[in-house]
Amino acid sequence: MMLDKLREGAQGKVAKVILGLIILSFALAGVGSYLNGPARTAPATVNGTDISAAALENAYRNERARMESQMGEAFSQLAANPEYMKQFRRGVLDRLIDQALLDSKAHELGLRVSDEQIKQAIVAMPEFAEEGKFNNDRYLQLIRRAGMTPEMFSESLRQDMVRQQLMGALVGTEFTLKGEAEQIDKLYNQTRDLRLVRLAAANYMGDVQVSDNELEQFYKTNSARFMNDEQVKVDYLLLDAANLGKNIKVSEQDAQDYYDQHQDLFQRPERRQVAHILIPFGKDEKAAEKQADELLAKAKSGEDFAELAKANSSDTFSAKKGGELDWFEKGVMDPAFEQAAFALTKAGDLSSVVKSPFGFHIIKLLAVEPAQTKPFADVKEETIARLQTDKAKEQFFAEQQKMADSSFENPDSLDLTADAMGMKVVSSDYFSQVNAPAPLNDPKVLSVAFSEQLRDDNTNSDVIELSDGKALVLHITGYQPKAAKLLAEVKDQVIAAIKHDKASEVARGKAQSLLEKLKAGDDIKADLAALDLKVETHKGIARFDRQLDQNLVAQVFMLPHPKDGKPSVELVTETNGDRVVVALDKVNVPAAPSQMVSLLQGQLGQGRAQADYKSLIEELRKSAKIEYFTSVEATVE
């Protein structure tokens, strides 16, 4: 009966209209799929060729790992800033684009690398060598670990080598003449003799007044100098592994079981005690080696080693004890010395003459203490502490996950998460990025606390891992944007700033008068006495001198050379607003270039090569069609 009603309804006009609309929507959807085509997956294209998302992700991760290894914690702080990492990722993408442009240019020029050259390059790579020889098994193992087949690796290497051909032809031919380097070296090492008359703005603060009108006008014009920093206040939950560890109990039996199951952790490595004779290189290394050979021959013939050490060893501390050194294990001594000492088999054995950075050694083995397991009694406390730490870490990670799950499921506040975990929500006062209290003064926390998106969403943050086994989650509860302070709050600062500026102008006027007289060749002794000023004399001021104001030094080295026995004079404003009358009396040019000329010559050549490379990339980019797809690029993490 129901089917009959449906059939009847389908014959009506309304039903037919609805059915038509449904059919039309399916048709349009089908046409749309043809028009739109497949979704864009590449973050950029170069002349129609995609830079793949996989290539960008791989390059991004490699570059990030390189920066982390070089900069350590400093890079971690930078990485906490989303804007910085966005620019960082764009920089990696730009380098991939530049490489694609270079590859295209190399192909256009017909640059090629043969299969034999690829093979030779792979065989020569130290990464694939064992005991100084190429090892094919190691080669295959390492490239597979990198997710590559031999064919993929060879092709990648071929691309790099072709690119290097192009770069070598471009930048490898750039050079700097020795004369150019010598000329610049002399400029760098030039010094100048000068006299200064300093008119400090602070000396004229009492000569100036500030009107109410000036106060208000200065405040309005310079309100940016008197701003409150952006501030937030937050609620947070802090998880601390150290607190968890306090409640963890480890029995002596637990420690004994751990000790029995992890004997390798309690091994004391083999130790050796040796005596040695040290002959330093001195001025004649061959003569020192000959002396060591002669002493070794005497020791082998039966002469007392201890007496030979006392009479001949330059290691005076050990020589007093017949050359005897303290017990040591591997990884402590100089590698060459250590290798020779551990090659000796029984007490009384002598090494050959051993060369180290300190000189030539003759080593005698005194005793060997084989590797042994430390008794449980000696390591019981250490084992209990280790177990407590391990269990605290396990509990910490479990609690951290629990905190992450609860704060995500209950995003509006931290109250329910605190109840679930038996913790207490901590509420901060308002703070800025420069005066945040601990533990909120961590760069990763500050990046989140001042996140506009988190503030707008009004949700809990993700769990933020801190150093020293700590983690926290926060919720922004208040925000105060950066704003100008009220005039009443900063009135004294504004008055001081106006007075300083006006006092600096008073100093400028007096200094200008002195300068004009110096230019006219007049004697200014009476003027200096009237102003209670003294002349400062400075000899041999270098271009990178740090004792004088940097703005002053820069201006001094821009002054022309003195002529006809007359100094070059100028009025300079120092960074703090003081006015200084400068008289340049002499320019001291080195008679000969320094020892840094060859280094400078190389640096100048490298600088020109880099400029050539930059120019090439700029030209290639001008003639290329490059498209960025920001939405795709942003998905690479």
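Counting starts from 1 at the beginning of each chain's written sequence and moves along it residue by residue. Only residues with pLDDT of at least 70 are given local features in this predicted model, and only at 80 or more are side-chain atom pairs given and counted; all residues enter the totals for whole chains, interfaces and linings. No hydrogens and no water enter the side-chain calculation; it runs on all heavy atoms of the structure.

As annotated in an unreviewed UniProt entry, the protein chain carries the name Periplasmic chaperone PpiD and comes from Aeromonas enteropelogenes. UniProt positions are given in the numbering used here, feature names are shortened, and annotations may be inferred rather than shown by experiment. Taken verbatim from the UniProt record of the protein chain, the Subcellular location (unreviewed entry) comment is "Cell inner membrane". According to the UniProt record, the Sequence similarities (unreviewed entry) comment for the protein chain reads "Belongs to the PpiD chaperone family."

With that settled, consider the overall build of the protein chain. Only DSSP runs of H or I covering at least 4 residues are called helices, and only runs of E covering at least 2 are called strands; the numbering of each starts at the N terminus. For the protein chain, the count of helices and strands is 25 helices and 21 strands. In terms of overall dimensions, the protein chain has a C-alpha envelope of 125 × 90 × 70 Å along the principal axes. When a residue's accessible area, from a 1.4 Å probe over protein chains only, is under 20% of the maximum for its type it is buried; when over 50% it is exposed; and in between it is partly exposed. By the burial criterion, 33% of the 637 residues in the protein chain qualify as buried. Within the protein chain, contacts between residues separated by at least 24 positions form 73% of all contacts whose residues are at least 6 apart in sequence. Accessible surface area values rest on a Shrake-Rupley calculation with a 1.4 Å probe, where residue burial reflects the displayed protein chains alone. When the accessible surface of the protein chain is split by element, carbon and sulfur atoms take 51% of a total near 39200 Å². By the counting rule applied here, Lys and Arg register as positive and Asp and Glu as negative, while His and the ends of each chain are not counted. Note that the charge is assigned to NZ on lysines, CZ on arginines, CG on aspartates and CD on glutamates. Taking the 79 positively charged and 98 negatively charged side chains of the protein chain as two groups, their mean positions are separated by 4 Å. The contact criterion used is simple: two residues touch if any of their non-hydrogen atoms lie within 4.5 Å.

Further remarks concern the sheet that holds strand β2 (residues 49–51). Here, a strand pair is defined by DSSP locating no fewer than two bridges between the strands. In space, the three strands of this open sheet follow the order β2-β1-β21, with antiparallel pairing throughout. One side of each edge strand has no neighbouring strand; the edge strands of this open sheet are β2 and β21 (626–628). Across the sheet, the axes of successive neighbouring strands diverge by a mean angle of 20°, strand direction being ignored. Where strand β1 (residues 44–46) lies against β21, three bridges are found, and the strand directions are antiparallel. Paired with Val46 across the two strands is Ile626, which belongs to β21. Sheet contacts for helix α5 (residues 82–108): β1, β2 and β21; angle to β21, the most-contacted strand, approximately 155°. Here the axes come from fitting lines to C-alpha atoms, over the contacting stretch only for helices, and the angles between their N-to-C directions go from 0 to 180 degrees.

In this section: the pattern of salt bridges. Should a side-chain nitrogen of Lys or Arg be within 4 Å of a carboxyl oxygen of Asp or Glu, the pair is scored as a salt bridge. Tallying each qualifying case throughout the model produces 28 salt bridges. Ionic pairing is found between Glu68 and Arg64, a salt bridge with its closest N-O pair at 3.3 Å. With Glu68 and Arg64 both in helix α3 (residues 53–71) and four residues apart, this pair spans about one turn of that helix. Look at Glu68 and you get partly exposed, because its relative accessible area is 35%.

On to the packing of aromatic side chains, then. Aromatic pairing here means that ring centres of Phe, Tyr or Trp (its six-membered ring) are within 6.5 Å. Orientation follows from the plane angle: under 30 degrees is stacked, over 60 is edge-to-face, and everything else is tilted. Using the criterion set out here, one finds 16 aromatic pairs in the structure. With centroids separated by 5.1 Å and ring planes inclined at 75°, the aromatic side chains of Phe128 and Tyr139 adopt a geometry described as edge-to-face. Here Phe128 is found in the loop between α6 (115–124) and β3 (129–130), whereas its partner Tyr139 is found in helix α7 (residues 136–145), with eleven residues between them in sequence. Side by side, Phe128 and Tyr139 carry an identical accessibility label, which is buried.

In this section: the pairing of strand β19 (residues 568–573). Taken together, the six bridges between β19 and strand β20 (residues 579–588) define a ladder with antiparallel strand orientation. Looking at the pairing, Thr573 lines up with Arg579 of β20. Once β19 ends, the chain turns through five residues before running back antiparallel as β20, passing Gly577 with a positive phi of about 95°.

Once that is clear, we can look at the confidence of the model for the protein chain. What pLDDT reports is the predictor's confidence in each residue, on a scale of 0 through 100. Taken over all residues, the pLDDT of the protein chain has a mean of 86, while the share at 70 or more is 92%. Scored below 50 in pLDDT, residues 1–11 shows four contacts in the model against residues more than four places distant or in partner chains. The model gives residues 13–37 a pLDDT under 50, and that stretch makes four contacts with residues more than four places away or in other chains.

Turning our eyes to something else, we now look at the sheet that holds strand β18 (residues 535–542). With antiparallel pairing, the four strands of this open sheet are ordered in space as β18-β5-β20-β19. Strands at the two margins of the open sheet, each flanked by one partner only, are β18 and β19. Mean inter-strand twist for the sheet, computed between neighbouring axes without regard to direction, equals 30°. Sheet contacts for helix α21 (residues 487–519): β5 (191–199), β19 and β20; angle to β20, the most-contacted strand, approximately 40°.

A helix is expected to span 1.5 Å multiplied by its residue count minus one. With 19 residues, α3 ought to run about 27 Å at 1.5 Å a step, and its terminal C-alpha atoms sit 26 Å apart, in line with that. Every buried residue belonging to α3 is among Leu56, Ala59, Tyr60, Glu63 and Met67, and all of these are buried. With its buried residues spanning 105° around the axis, α3 presents them on a single face. Within α3, the exposed residues directed more than 90 degrees away from the buried face are Ala54 and Ser69. With its phi angle positive at about 60°, Gly72 sits one or two positions after the end of α3. The arc in question is the one traced by the directions running from the helix axis out to the C-beta atoms.

Let's shift gears to the UniProt feature "domain: PpiC" (unreviewed entry) in the protein chain. Mapped onto this structure's residue numbering, the UniProt feature "domain: PpiC" (unreviewed entry) falls at residues 269–367. Helix makes up 37% of residues 269–367 and strand 23%, whereas the separation of the span's terminal C-alpha atoms amounts to 14 Å.

Time to look at the environment of Glu108. Looking at the element boundaries, Glu108 is found in helix α5. Between the alpha carbons of Glu108 and Gln141 there is a distance of 35 Å; along the sequence they are 33 residues apart.

What follows covers helix α17 (residues 376–409). With 34 residues, α17 extends 47 Å from end C-alpha to end C-alpha; this agrees with the ideal 50 Å at 1.5 Å per step. Bend is computed residue by residue as the angle between axes fitted to the seven residues ending at the residue and the seven residues starting at it. Of all the bends in α17, the largest measures some 30° and sits at Glu382. Listed as buried for α17 are Phe376, Val379, Thr383, Ile384, Leu387, Ala392, Phe396, Glu399, Gln400, Met403, Ser406 and Ser407.

So, about the packing of helix α9 (residues 178–188) against helix α24 (residues 597–622). It is at 9 Å that the axes of α9 and α24 come closest, and there the two elements cross at 110°. The pairing of α9 with α24 is recorded here as roughly perpendicular in orientation. Contacts between α9 and α24 involve Lys178, Glu180, Ala181, Glu182, Ile184, Asp185 and Tyr188 on the former and, on the latter, Val597, Leu600, Gln601, Leu604 and Arg608. Three residue categories are used. Nonpolar comprises Ala, Val, Leu, Ile, Met, Phe, Trp, Tyr, Cys and Pro, charged comprises Asp, Glu, Lys and Arg, and polar comprises the others, including Gly. Of the residues contributing to the contact of α9 with α24, the split by class is six nonpolar, one polar and five charged. The cut-offs work like this: below 35 degrees is roughly parallel, past 145 is roughly antiparallel, 65 to 115 is roughly perpendicular, and the gaps in between are oblique.

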